[in-house]
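Breakdown of the fold
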Amino acid sequence: MAEHAPRAFVCGWPITHSRSPLIHRYWLAEHRINGSYDAVAVDPAGFDDFVGGLREAGWAGGNVTIPHKERAVALAERREAAAERIGAANTLWFENGRLHAANTDWSGFAANLDQGAPGWRDRERAVVLGAGGAARAVIHALQVAGYRQIAIVNRTVERAQALAARFGDGVGTAPWKGLGGLLADCDLLVNTTSLGMEGAPGHDFDLAGLGDRTIVTDIVYVPLVTPLLAQAAARGCVTVDGLGMLLHQAVPGFEAWFGVRPQVTDALRALVIADM
Ligand code: ATR
């Protein structure tokens, strides 16, 4: 009898630019797994029905991306604590017949820094630019890593304040134009805004106070070297681009659906870069 081939998806709206199929199909081929991974366009009005029909349609699970990450937490039957705390899930799978939800953006962020800036966990002061969903995953990762002082700097200060209240002790806010004053004491600077992304405006941060002891990372990965990372590197900082976060966040899902824990290798990285 032919072995049942597990099927996984990435769903979002729009979904055309997702690089997840490239990543998962690479791993499927590498491990000679008889399975599939496909992009599915699901609009916000159709998401509940899509999730409700997963079991019957025979999906092993899948990834959820913008704008469905928040709703995915609510619809799952079991959710990991991190997904609950972040308020968003990007990975769904069935376990003992129940639909589980996890957030692997935060662990992907941490794994990327483990690879690109070993020692980042020994530090304690971070500045996070932005206050959207990506910032929530990053702040959770920083708290798990033991960061004791986290300043959120966001254009819309109310969103920064709401996040600071959500994550509690040690998380504060600073005005958008106040970044310059935080840099001298900053161990880790993280951009979670879309500034610097291809097609988006560039940043207007004052980096005059940025010294070479600060680790700088960007979750934007197109372009790979954002203006922020280029300027930080010119100042002698260790910099970590955002592509590794995308690659590492994919690992737990692949393992849940296909039963093999895949590796993030230079060859995979090169494949995704060639597709940009
Ligand atoms: P995500 O879930 O990817 O984090 P989001 O929730 O839309 O996306 O958040 C985008 C972040 O980029 C926000 O912090 C946003 O700032 P506001 O809260 O002020 O909107 C930030 N951002 C986007 N465009 C920006 C711009 N032109 N200048 C400054 N910040 C910007």
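Residues numbered from 1 in each chain as written. Predicted model: local features only at pLDDT ≥ 70, side-chain atom pairs only at ≥ 80, totals over all residues.

As recorded in an unreviewed UniProt entry, the protein chain goes by the name Shikimate dehydrogenase (NADP(+)), listed as coming from Nitratireductor arenosus. UniProt, in its Subunit (unreviewed entry) section for the protein chain, records the words "Homodimer." As stated in UniProt under Catalytic activity (unreviewed entry), the record for the protein chain gives "shikimate + NADP(+) = 3-dehydroshikimate + NADPH + H(+)". (UniProt positions renumbered as here; feature names shortened; annotations may be inferred.)

Some points on unusual backbone geometry
Cis peptide bonds are those with omega within 30 degrees of zero, and the linkage from Trp13 to Pro14 qualifies with 0°. With an omega of 5°, the peptide bond between Val222 and Pro223 qualifies as cis. Secondary-structure assignment places Pro223 in the loop between strand E11 (215-218) and helix H10 (227-234). Its identity is not glycine, yet Arg32 carries a phi of approximately 50°, on the positive side. Structurally, Arg32 is set in the loop between helix H1 (20-30) and strand E2 (36-41). One non-glycine residue with positive phi stands out, namely Asn96, at about 50°. Topologically, Asn96 is positioned in the loop between strand E5 (91-95) and strand E6 (98-102). (Helix = DSSP H or I, 4+ residues; strand = E, 2+ residues; numbered from the N terminus.)

Observations concerning the site of the ligand
Taken together, 15 residues sit near the ligand, with Gly132, Gly133, Arg155, Thr156 and Thr193 positioned nearest. A per-element tally of the shell around the ligand places helix H7 (residues 133-144) first, with three residues. Class assignment for the residues of the shell around the ligand results in five nonpolar, eight polar and two charged. (Near = placed C-beta within 6 Å. Nonpolar A, V, L, I, M, F, W, Y, C, P; charged D, E, K, R; others polar.)

Describing the UniProt feature "domain: Quinate/shikimate 5-dehydrogenase/glutamyl-tRNA reductase" (unreviewed entry) in the protein chain
The UniProt entry lists residues 123-194 under the feature "domain: Quinate/shikimate 5-dehydrogenase/glutamyl-tRNA reductase" (unreviewed entry), expressed in the numbering used here. Secondary structure content for residues 123-194 is 38% helix and 25% strand, while the C-alpha to C-alpha distance between its ends is 26 Å.

Some thoughts on the sheet that holds E2
Sheet architecture is open: six strands sit in the order E2-E1-E3-E5-E6-E4, paired in mixed fashion. The outermost strands of the open sheet, each flanked by one partner alone, are E2 and strand E4 (78-79). With three bridges connecting them, strand E3 (residues 61-64) and E5 associate as antiparallel partners. Of the residues in E5, the one forming a bridge with Gly62 is Leu92. Here H1 sits on the sheet in contact with strand E1 (7-12), E2 and E3, set at roughly 165° to E2. (Pairing = 2+ DSSP bridges. Contact = placed C-beta atoms within 7 Å. Axes fitted to C-alpha atoms, helices over the stretch in contact; angles between N-to-C directions.)

Observations concerning the domain arrangement of the protein chain
In terms of domain boundaries, the protein chain breaks down into domain 1 (7-104 + 250-274) and domain 2 (106-244). Measuring from the centre of the C-alpha atoms in domain 1 to the corresponding centre in domain 2 gives 26 Å. The interface of domain 1 with domain 2 comprises 12 residues on the first partner and 10 residues on the second. Elements that contribute at least two residues to the side of domain 1 that touches domain 2 include exactly helix H5 (81-86) and helix H13 (266-274). Looking at the side of domain 1 that touches domain 2 residue by residue, the classes come out as six nonpolar, three polar and three charged. (Domains from an automatic or database assignment.)

Notes on the UniProt feature "binding site: shikimate" (unreviewed entry) in the protein chain
In the numbering used here, UniProt assigns the feature "binding site: shikimate" (unreviewed entry) to Ser18, Arg19, Ser20, Thr65, Asn90, Asp105, Tyr221 and Gln249. Assignment of secondary structure puts Arg19 in the loop between E1 and H1. Residue Arg19 is classed as partly exposed on the basis of its C-beta count, with 19 C-beta atoms lying within 10 Å. In this structure, Arg19 is in contact with Leu246, Val272 and Asp275, ignoring residues within four places of it in sequence. Taking the C-beta count within 10 Å as the criterion, Asp105 has 28 such neighbours and is therefore assigned buried. (Buried ≥ 20, exposed ≤ 12 C-beta atoms within 10 Å, placed from the backbone.)

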